[in-house]
Amino acid sequence: MKQAVRKAVFPVGGMGTRFLPATKSMPKEMLPVVDKPLIQYAVEEAQAAGIEEFIFVTGRGKTAIEDHFDHSVELQDLLATRGRTDQVDAIRAWMPPAGQVAYTRQQEPLGLGHAVWCARHLVGDEPFAVLLADDLILADTPCLKQMMDAYATSGGNMVAVMDVPREHTKRYGVLAVGRDDGRLAEVKGLVEKPEPAAAPSTLSVIGRYILQPAVFGHLDRQERGAGDEIQLTDALARMIGTAPFHGLRFEGERFDCGDKVGFLHANMAFALAREDLRGPVASFLRQLNRRL
Ligand code: UTP
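Analysis parameters
Residues numbered from 1 in each chain as written. Predicted model: local features only at pLDDT ≥ 70, side-chain atom pairs only at ≥ 80, totals over all residues. Heavy atoms only, no water. Core = buried A, V, L, I, M, F, W, Y, C linked by side-chain atoms within 4.5 Å. Buried < 20%, exposed > 50% of the residue type's maximum accessible area, 1.4 Å probe, protein only. Contact = heavy atoms within 4.5 Å. Helix = DSSP H or I, 4+ residues; strand = E, 2+ residues; numbered from the N terminus. Pairing = 2+ DSSP bridges. Expected span 1.5 Å × (residues − 1). Polar contact = N/O pair within 3.5 Å; in protein donor to acceptor, adjacent residues only side chain to side chain. Salt bridge = Lys/Arg side-chain N within 4 Å of Asp/Glu carboxyl O.

The biggest cluster of nonpolar side chains holds 53 residues, and the ones touching the most others in it are Phe 10, Val 33, Ile 39, Ile 51 and Leu 144. In contact with Phe 10, not counting residues within four places along its chain, are Ile 39, Ala 42, Val 43, Ala 46, Phe 54, Ile 55, Phe 56, Val 57 and Leu 131. Ala 115, Val 205, Ala 235 and Met 239 belong to the second-largest nonpolar core, a separate cluster that totals 30 residues.

Moving on, we come to the pairing of strand E6 (residues 128-131). Residue alternation in E6 divides its side chains into two sets, Phe 128 and Val 130 and Ala 129 and Leu 131, and both sets are buried. Pairing between strand E1 (residues 7-11) and E6: 3 bridges, direction parallel. The residue of E6 that forms the bridge with Lys 7 is Phe 128. In the sheet, E6 pairs with strand E11 (residues 203-211) via 4 bridges, with the strands oriented antiparallel. The partner of Val 130 across the bridge, within E11, is Tyr 209.

All right, on to unusual backbone geometry then. A cis amide bond links Leu 20 to the next residue, Pro 21, at an omega of 5°. Turning to its location among the elements, Pro 21 is positioned in the loop between E1 and strand E2 (32-33). Residues other than glycine seldom take positive phi values, yet Gln 222 does so here, at roughly 55°. Within the fold, Gln 222 resides in the loop between helix H8 (215-219) and helix H9 (232-238). A positive phi angle is found at Asp 228, which is not glycine, with a value near 60°. Assignment of secondary structure puts Asp 228 in the loop between H8 and H9.

Our next topic: helix H10 (residues 260-272). Between its first and last C-alpha atoms H10 spans 19 Å; for 13 residues at 1.5 Å apiece the expected length is 18 Å, and the two agree. Burial in H10 covers these residues: Gly 262, Phe 263, Ala 266, Ala 269, Phe 270 and Ala 271. Where H10 starts, the residue carrying a side-chain oxygen 3.2 Å from the main-chain nitrogen of Val 261 turns out to be Asp 259.

To continue, consider the side chain of Gln 76. Of note, Gln 76 is situated in helix H3 (residues 73-81). For Gln 76, a relative accessible area of 7% translates into the label buried. Of note is the side chain of Gln 76, whose polar atom sits 3.3 Å from the side chain of His 71. Setting aside residues no more than four positions away along its own chain, Gln 76 makes contact with His 71, Val 88, Ile 91 and Arg 92.

Of note, Phe 263 is situated in helix H10. Those residues in contact with Phe 263, other than ones at most four positions away along the chain, are Phe 19, Leu 31, Pro 32, Val 33, Asp 256 and Cys 257.

In this section: the pattern of salt bridges. Using the criterion set out here, one finds 21 salt bridges in the structure. In this structure, Glu 29 and Lys 62 form a salt bridge, with 3.0 Å as the shortest nitrogen-oxygen distance. On the criterion of sequence distance, the pair formed by Glu 29 in the loop between E1 and E2 and Lys 62 in the loop between strand E4 (53-58) and helix H2 (63-68) is long-range, its members being 33 residues apart. Taken individually, Glu 29 and Lys 62 each receive the classification buried, so the pair is uniform in this respect. Of the charged contacts, one joins Lys 145 and Asp 149 as a salt bridge, the two residues approaching to 2.8 Å between their closest N and O atoms. Placement of both Lys 145 and Asp 149 in helix H7 (residues 143-154) is noted, with a separation of 4 residues, approximately one turn of the helix. Through salt bridges with shared partners, one network takes in Arg 6, Lys 7, Glu 52, Glu 53 and Glu 126.

Don't take any of this as a statement about function, it's just geometry.
This is how it looks when you write it as structure tokens:
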């Protein structure tokens, strides 16, 4: 019987330099895709996978995220007096319940591994999920739920993976693959940001993880890796062979919303997936297409 995954960590301490000037005074994770901030998509995905506790690792200039997951009494009163109880109910529906949200600060952005390590006392000695809000996934079954279903059988550590063009391996953690049934790939090795020629495969980690608490012991070493940052991938690589470790080829389309082009793609794809927006957006895209 695998220990249930009840907690999720949302590292939101990055600087978002690829998205300046938008991210100068606004967290990258509050960028809206259509009408919803990236971080809310991630929280809703975690809720859909059965997560009960939401741990945010924030940094300076990120208070908008805390405000977003808190009641706005004035707004809710205003909506109520205008008879917009549907909107009030909608806000209540996605807000994590009181006492199930925790915030800790990563005082310096030393890397993703360091951000996850900052959550160690809040996670404690149990498996947990990590979701990077800037990796946005459009899927019938939310990506983390797909992973939870696979984890129920495999246990251990699990990362979401997808094949990327070989020339892009330098942007990802890349797997050396052992046994592979086409959906679940056994992780035999893991390299952070390899040059295309040196990459062991093109199967790359994107921002969804289910991890065993032993990872904190490896992150304790605070070793710097690629880009002089404390890399989560390096700690995961040290766990290979100590517990089952799999990459799940999830079903769905992933958008890198930390990148301007990926963000624009996400807005179009998410708008087209919405019944209320599909018609006008599709007709605008057709107009644009004639101009190209
Ligand atoms: P990125 O590699 O996208 O870095 O981080 P970044 O700083 O956010 O953005 P750029 O590259 O400067 O534009 C991947 C994820 O790890 C988190 C980020 O918030 C993002 O979700 N992160 C990264 C931290 O929480 N702390 C860090 O020190 C670094």
